[in-house]
Amino acid sequence: MKYIIGNWKMNGSRDLAWKLTLDLHQYVAAEGRGDAKMVLCPPFAYLPLMQDFLSRHQSAIGLGAQDCHAQSSGAFTGNISAPMLADIGCGYVILGHSERRQYHAESDAQIALKVKAAQGSGLTAVLCIGETMAERQGAQTNAVLSQQLNGCLSPLPDAAKLIVAYEPVWAIGTGLNANADDIESAHHHIRQELIRHFGPGGGKISVVYGGSVKPSNAKATLATPGVDGVLVGGASLQFADFRDIYAACA
Ligand code: PGA
């Protein structure tokens, strides 16, 4: 199974949510294949209308959020809990994205609690990890990935409801896609770490790549050994681009 996950970040509108969901649903219904799973992660505000559409059309497209709180309810103004996401029909949630780590000072320990909370509500957690350019230049990539995994996988979550996204911070939104060797090497390292944490079950966890994935590099990225899909930001907001990235799975 290859995952093609769209992270809209804080972009879009009601009109765009309707149009993009409709167009992508029609495409996947006509051309979709069982071995490629498309998941859309819009801002919270558009989840209900998209979920309503997708469920009414029995769409194969999955729906996810971009964050959740570690607690299930309480005095946490402005936050959304995992049970609420499950309640409105979400199946996935992106956690630990580098923008959350950077702008909301999320630590690995906090992300670990969110992963547990998400899974406790039946959601699949898309756990993001990745090194900065300075860390890569300092030959720290594998050490950073190990450290983030150690922090985010304690307590150990459910391997069956976990996707790991390797997103080098320097490749996000910059147009700089990591090259195939870098991706293969990082994914191999992540795979070894997952097996160390989970045992043989770690070999089955999907590891996807994110960072400036576009139609022009999607085929090569998806064909790179160890890559089980892509997490797409900017290009997921354009129907033709996201469709072509999905089609590149073939
Ligand atoms: P990008 O974002 O595709 O725009 O680089 C990827 C992400 O942040 O998930």
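Scroll up a little and you will see the structure.
Residues numbered from 1 in each chain as written. Predicted model: local features only at pLDDT ≥ 70, side-chain atom pairs only at ≥ 80, totals over all residues. Heavy atoms only, no water.

## Focus: the packing of helix α1 (residues 14-31) against helix α2 (residues 47-56)
The relative placement of two packed helices comes down to the angle between their axes together with the axis-to-axis distance. For the pair α1 and α2, interaxial distance at closest approach is 10 Å and the crossing angle is 25°. When the interaxial angle is binned, α1 and α2 end up roughly parallel. Considering only the axes of α1 and α2, their crossing is right-handed. Residues Arg14, Ala17, Trp18, Thr21, Leu22 and His25 of α1 lie in contact with α2, whose contacting residues are Leu49, Met50, Phe53, Leu54 and Arg56. (Axes fitted to C-alpha atoms, helices over the stretch in contact; angles between N-to-C directions. Helix = DSSP H or I, 4+ residues; strand = E, 2+ residues; numbered from the N terminus. Parallel < 35°, antiparallel > 145°, perpendicular 65-115°, else oblique. Left-handed = near helix turned anticlockwise from the far one by under 90°. Contact = heavy atoms within 4.5 Å.)

## Quick notes on the packing of aromatic side chains
Across all of its chains, the model carries four aromatic pairs by this definition. An angle of 85° between the planes, with centres 6.1 Å apart, marks the rings of Tyr27 and Tyr246 as edge-to-face. A residue pair is termed long-range when its members are at least 10 positions apart, and Tyr27 in helix α1 and Tyr246 in helix α10 (residues 239-247) qualify at 219 residues. On the basis of relative accessible area, Tyr246 is assigned to the buried category, the value being 3%. Summarising the aromatic geometry, the rings of Tyr166 and Tyr209 are spaced 6.1 Å apart at their centres and angled 55° between planes, so their arrangement reads as tilted. Here the residue Tyr166 occupies a position in strand β6 (residues 162-166), and Tyr209 occupies one in strand β7 (residues 206-210), the gap between them amounting to 43 residues. Of the two residues, Tyr166 and Tyr209, neither departs from the other in class, the shared state being buried. (Phe/Tyr/Trp six-rings, centres within 6.5 Å; stacked < 30°, edge-to-face > 60°. Buried < 20%, exposed > 50% of the residue type's maximum accessible area, 1.4 Å probe, protein only.)

## Structural notes on the site of the ligand
Around the ligand sit 13 residues in total, of which Lys9, His97, Glu167, Gly173 and Ser212 are the nearest. Separating an oxygen atom of the ligand from a backbone N or O atom of Gly173 is a distance of 2.6 Å. For the ligand, an oxygen atom lies 2.8 Å from a polar atom in the backbone of Gly233. Contact with the protein chains removes 95% of the 280 Å² of surface that the ligand exposes when unbound. Considered class by class, the residues forming the shell around the ligand number four nonpolar, seven polar and two charged. (Near = heavy atom within 4 Å. Polar contact = N/O pair within 3.5 Å; in protein donor to acceptor, adjacent residues only side chain to side chain. Areas by Shrake-Rupley, 256 points an atom, 1.4 Å probe, with all protein chains shown as cover. Nonpolar A, V, L, I, M, F, W, Y, C, P; charged D, E, K, R; others polar.)

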